[in-house]
Amino acid sequence: MTCAMHSQERDMKNRNTSLISAALLLAAGITASLQADSADENRNLFESADDKQSAADFKPAPGEIETNFGTLEFELGAFPTEESVQKIYDEMDLQRATQAYMDFMSALSVYGIVKGQIRDFGLKSASDVGVHPSPGLTPSELYLTGNNSTVYAIASLDLKVDGPTVVDIPPGMLGTANDSLFKFLVDFGVVGPDKGKGGKYLFLPPGYRGKVPDGYFVVKSPSYRIWAMMRGWGDIGTGDKATDYFRQNLKIFPLESGPRAANYINTAGMGLNSLAPEDGSAFEMLNEIIQYEPKELFGAEQLGRLASLGIAQGKPFTPDARMQRIFDQAAKQGTAMARAIVFASRDPDIRYWPNRHWEKMFLHNTTFERDGVGDIDARTLWHYSAIVVSPNLISTTPGAGTAYLTSFRDSEDRFLNGAKTYRLRVDANPPVKNFWAVTAYDPATRSLLDSGNNRNKSVGSREKPIANSDGSVDVYFGPKAPQGKEKNWVPTNPDKGFFLVFRFYGPTEGYIDKTWALNDLELMD
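Student: Is there a simple way to think about the overall build of the chain in this case?
Tutor: Scanning the chain for helices and strands turns up 10 helices and 26 strands. Overall, the C-alpha framework of the chain stretches about 85 × 75 × 45 Å when taken along its three principal axes. Here the chain holds 525 residues, and 48% of them are scored as buried. The contacts in the chain between residues at least 6 apart in sequence include a share of 71% that link residues at least 24 apart. Here the chain displays about 26000 Å² of accessible surface, and carbon together with sulfur accounts for 52% of that area. Separation of charge centres in the chain, based on 55 positive and 65 negative side chains, amounts to 6 Å.

Written out as C-alpha cells, the structure is:
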C-alpha cells in the first residue's frame, strides 16, 4: 500500500513537472514569436541582414516540377519544353480567370440586377420603377436572399444616359443606393440624410463639373450605373395598392429635363434572373462592364489581370475556343470556392454566438477592409449570398437599421435537408423595435426557396404566430406542416437542401450586446 502511494505521488509529481515544463515552453514560444514579429516589424537591415551569401547559396527550382496540373519539364537548366509551356499558360490563364471571377463578383451581381430589371421587368428608362408588392418577392424573381416580408421599389439608374439624376422619395422609406461595384453610396429614408422625412437626392456622374443646385442631398457616384432600392415602411398596402402608392410618391428623372413619363410595374410573378452567371458567359458580362464604366472605377492590378485574359477597355473581346473552355472552368471553380466560403466558412469569427450555428453575413464590416487590408473572403461571403451594402445593415444603434443572420446547419452540425422537419424555438422578447422574420432559401440560387407552385412562406412577428405559454414561438420547417402548426410553418422542398436568414428589423440591445440568442434548429424526425 505504502509503495503504491509513493509510486502515485511520484507519477503525480512527474505529471505536474511535465505540465509546468510544457506551459513554460508554450509561454517561451509565444514570447519568442511576439519578439520575432516585433523584430521583423522594426528590423534595420543595415544592422542585421543575415549571414553572407554567394552564388552557391541560390537554390534554383529543379528541372522537373510536379504540380496538380501535370509534370513540368525544363531543359538546359530552365527552358520549358513545348508541352510544359502549354500546361503553364493553360494553368496561368485559369488561375487568373478564377481570381477575376471572384474579384468581380460584386460587379457581376450589380450588373445582373440592373440589366435583369430592364430585360425581365421591361423598364424603359431610369424613371421606371419596379414594385415587389406581395409583399416582397416570389421565388420566380431571383434576387440573392431577397425577401417576402416587406414591399420594395427598385430602379436601374444610368448617369451616362441621363446625366445628373434626381430620386425624389416620400417620407417613411428605408433604402439604399449602390454603385456598379456594389459599394455604398447613400441610404434613403429613416437612416439616411432625410431622416425619414423624404426629399430629393441628386446623383452626379463620375467627373461631373457642372453647377450643383441647392435643395438636394447630393451624391457623387464613381460609376455610371447605380442600383437603387427602398422598402416601403408604414401603411402603404400591398399588391396594386402599394404599386399605386409609389406611382404617386416616388419620382426619378434627369435633373436637366425634370419629371417625365414613367411606368410603375407590379413585378409579382413576372420572373427575373438577376444572378451572376456561373459559367463562361460571366466573362462576356464582365467585358460589358469594363467597356461601359470609367477606368478609374477599377484598380490597375484588376485591369491588368483582365487585360491578360483579353478584356480591355476599347478593345474587342474575342476569346477563342481554348479561352472559352478556360472561362467556363474558371467560373465553375470560382463558384465552388464561393460555396465553400459561404456554406462551410473556416473563419473563426463566423458565428454570431460561439455556441450556436447562426452565422454572420457581414463578417466584420460593410467595407470589406480592415486596417487597410482587403478582407477578400468576407467580401465573397456577402456578395455570393446577398445584395445591398449599407453600414446600417450592421448598425449598433438600438432600434435603427436591420441585422441579418443565416444558418445552414441544425443543432448537430448537419446541413439542412428539405425532406426533413425541424423546429426553431424563438425565445420570448426578441430584441427588435419593429419586427422579426425568418425565410428559407435555395442554396443553389441563394434566392427564395420554391416549395412548389412559385410559393415561399416566411414566418415572422407581424404574422402573429402562435406563441407558447412562456412567450416563445416555435417555427417549423419541413415539406409538411406538423398537425395544428400551419401558422408557424415554413414549407420546404423535399428534393433540395435549404438555408435560413433571420432578419431583425430595428435590432435592439439584446441583439447588439448578445444577451439574447437564437436557438439552433432541432431535427424533429
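So that's the structure; there's more coming.
Student: I would appreciate a short explanation of the pattern of salt bridges in the present structure.
Tutor: Any two side chains of opposite charge can pair, on the condition that their charged atoms come close. The tally for this structure, following the rule as stated, stands at 20 salt bridges. Across the pair E522 and R423 runs a salt bridge, and its minimum N-O distance is 3.2 Å. Taken together, the residues E522 in strand β26 (residues 522-523) and R423 in strand β20 (residues 422-426) connect sequence positions 99 residues apart. With relative accessibility at 17%, the residue R423 sits in the buried group. Among the ionic contacts, a cluster of salt bridges with common partners joins D90, D93 and R322.

Student: What is the right way to look at the nonpolar core in this model?
Tutor: Generally speaking, a soluble globular protein has its nonpolar side chains buried in company with each other. Core analysis: the biggest nonpolar cluster contains 74 residues, and Y143, W227, F283, L286 and W382 have the highest contact counts within it. Of the residues forming this core, the biggest block, 9 residues, is contributed by helix α8 (residues 321-343). When near neighbours in sequence (up to four residues on either side) are disregarded, L286 contacts F104, L108, L306 and I311.

Student: Explain the pairing of strand β6 (residues 152-158) here, please?
Tutor: Each regular strand carries side chains that alternate between the two faces of the sheet. For β6, the tally of buried residues reaches 7 of 7 residues, placing the bulk of the element in the interior. Here β6 shows no split at all, with Y152, I154, S156 and D158 on one side and A153, A155 and L157 on the other all buried. Judged from the 3 bridges that link them, strand β4 (residues 129-132) and β6 form a sheet pairing that is antiparallel. Directly across from G130, in β6, lies its bridge partner I154. Relative to strand β12 (residues 225-232), β6 runs antiparallel, the two being bridged by 7 bridges. Bridged to I154 within β12 is M229.

Student: What is the right way to read the sheet that holds strand β1 (residues 64-67) from this model?
Tutor: Adjacent strands of a sheet pair through backbone hydrogen bonds, lying either parallel or antiparallel. Taken together, 3 strands build an open sheet; the order of strands is β1-β2-β3 and the sheet is antiparallel. Either end of the sheet is taken by a strand with one partner, and the two such strands are β1 and β3 (79-80). Direction of pairing for β1 relative to strand β2 (residues 70-75): antiparallel, over a ladder of 4 bridges. Residue E66 lies in a different strand from β2, and its bridge partner there is T71. Against the sheet, helix α2 (residues 82-103) makes contact with β2 and β3, and its axis sits at roughly 130° relative to β2, the strand it touches most.

Student: Please explain helix α5 (residues 239-249) as it appears in this structure.
Tutor: The α-helix advances 3.6 residues per turn, and as a result positions three or four apart in sequence lie on the same side. Buried within α5 are the following residues: A242, T243 and F246. For α5, the angular spread of the buried residues around the axis is 100°, confining them to a single face. Among the exposed residues of α5, those oriented more than 90 degrees off its buried face are D240, K241 and Q248. Against β4, β6, β8 (173-178), β12 and β14 (264-266) lie the buried residues of α5.

Student: Help me out: how do you make sense of the packing of α2 against helix α7 (residues 300-308) in this one?
Tutor: For any two helices packed against each other, the geometry is given by the interaxial angle and the distance between the axes. Taken N-terminus to C-terminus, the directions of α2 and α7 make an angle of 135°; their axes are 10 Å apart at the nearest point. Looking at the two axes, α2 sits oblique to α7. The chirality of how α2 crosses α7 is left-handed. Counting all contacts with α2, which are made through R96, Q99, A100 and D103, the residues of α7 involved are Q302, R305, L306 and S308. Its residues assigned to classes, the contact of α2 with α7 shows 2 nonpolar, 3 polar and 3 charged.

Student: Would you mind showing me how to read the pairing of strand β25 (residues 499-507) here?
Tutor: Summarising burial for β25: 9 of the 9 residues are buried, a large majority. Taken together, the 6 bridges between strand β19 (residues 402-407) and β25 define a ladder with antiparallel strand orientation. Within β25, the residue paired with S407 across the bridge is L500.

Student: Honestly, a negative patch on the surface in this entry has me stumped. Any pointers?
Tutor: On the surface, a cluster of negative charge is contributed by E64, E66, E73 and E75. If you list the elements that add at least two residues to the negative patch, you get β1 and β2.

Student: What should I look at first to understand the environment of V167 in this one?
Tutor: Tracing the backbone shows V167 in strand β7 (residues 165-169). In sequence terms V167 and V114 are 53 residues apart; their C-alpha atoms lie 16 Å from each other. In contact with V167, other than residues within four places in its own chain, are L157, F188, G199, K200, Y201, F203, M230, L250, K251 and I252.

Student: Just to check I follow, could you spell out the confidence of the model for the chain for this structure?
Tutor: Atomic detail in the predicted coordinates should be set aside for any region of low pLDDT. Chain-level statistics for the chain give a pLDDT mean of 93 and a share of 93% at 70 or above. A low-confidence stretch, residues 1-26 stays under pLDDT 50, and its non-local contacts, those more than four residues away or across chains, total 0 contacts.

Student: Looking at this structure, I do not really get the sheet that holds β12. What am I missing?
Tutor: The sheet built from 6 strands is open, its strands ordered β9-β8-β12-β6-β4-β14 with mixed pairing. The strands lining the two open edges of the sheet, one partner per strand, are β9 (184-189) and β14. Taking each pair of neighbouring strands and ignoring which way they run, the sheet shows an average axis angle of 20°. The pairing of β8 with β12 spans 6 bridges and is classified as antiparallel. Considered in β12, the bridge of A177 is made with A228. Docked against the sheet, α5 engages β4, β6, β8, β12 and β14, running at close to 165° with respect to β14.

Student: Hey, could you run me through the packing of α8 against helix α9 (residues 376-383) in this one?
Tutor: It is at 9 Å that the axes of α8 and α9 come closest, and there the two elements cross at 90°. Judged by the angle between their axes, α8 and α9 are roughly perpendicular. Contacts between α8 and α9 involve A338, I341 and V342 on the former and, on the latter, D377, T380 and L381. Residue composition of the contact of α8 with α9, by class: 4 nonpolar, 1 polar and 1 charged.

What counts and how
The numbering scheme is per chain: residues are counted from 1 as the chain's sequence reads. Per-residue local features are limited, in this predicted model, to residues with pLDDT of at least 70; the limit for side-chain atom pairs, both in listing and counting, is 80 or more; totals at the level of whole chains, interfaces and linings are taken over all residues. Water and hydrogen atoms play no part in the side-chain values, which are based on all heavy atoms of the structure. Labels follow the DSSP assignment, with helices taken as runs of H or I lasting at least four residues and strands as runs of E lasting at least two, numbered in each case from the N terminus. Partly exposed residues are those whose accessible area sits between 20% and 50% of the maximum for their type, while under 20% is buried and over 50% is exposed, using a 1.4 Å probe and protein chains only. Contacts: residue pairs with any heavy atoms within 4.5 Å of one another. Accessible surface is estimated by sampling points in the Shrake-Rupley manner with a 1.4 Å probe; for residues, cover comes only from the protein chains shown. Neither His nor the chain termini are counted; the positive set is Lys and Arg, and the negative set is Asp and Glu. In plain terms, the charge of a residue is placed at NZ if it is Lys, CZ if Arg, CG if Asp and CD if Glu. The term salt bridge refers to a side-chain nitrogen of Lys or Arg lying within 4 Å of a carboxyl oxygen of Asp or Glu. Put simply, buried Ala, Val, Leu, Ile, Met, Phe, Trp, Tyr and Cys residues joined by side-chain atoms within 4.5 Å make one nonpolar core. Two strands qualify as a pair provided that DSSP identifies no fewer than 2 bridges between them. Each axis is a line fitted through C-alpha atoms, taken for helices only over the stretch in contact, and angles between the N-to-C directions span 0 to 180 degrees. In this context, the arc is that of the directions from the helix axis out to the C-beta atoms. With respect to orientation, any angle under 35 degrees is reported as roughly parallel, any angle over 145 as roughly antiparallel, any angle of 65 to 115 as roughly perpendicular, and every other angle as oblique. By convention the crossing between two helices is left-handed if the near helix lies anticlockwise of the far one by an angle smaller than a right angle, and right-handed if it lies clockwise. Only Asp, Glu, Lys and Arg are considered charged in this grouping, and only Ala, Val, Leu, Ile, Met, Phe, Trp, Tyr, Cys and Pro are considered nonpolar; every other residue, Gly among them, is considered polar. Candidates for patches are residues over 30% relative accessible area with no salt bridge; among them, like charges are joined within 9 Å and nonpolar side chains (Val, Leu, Ile, Met, Phe, Trp, Tyr) within 5 Å. pLDDT runs from 0 to 100 and stands for how confident the predictor is about each residue.

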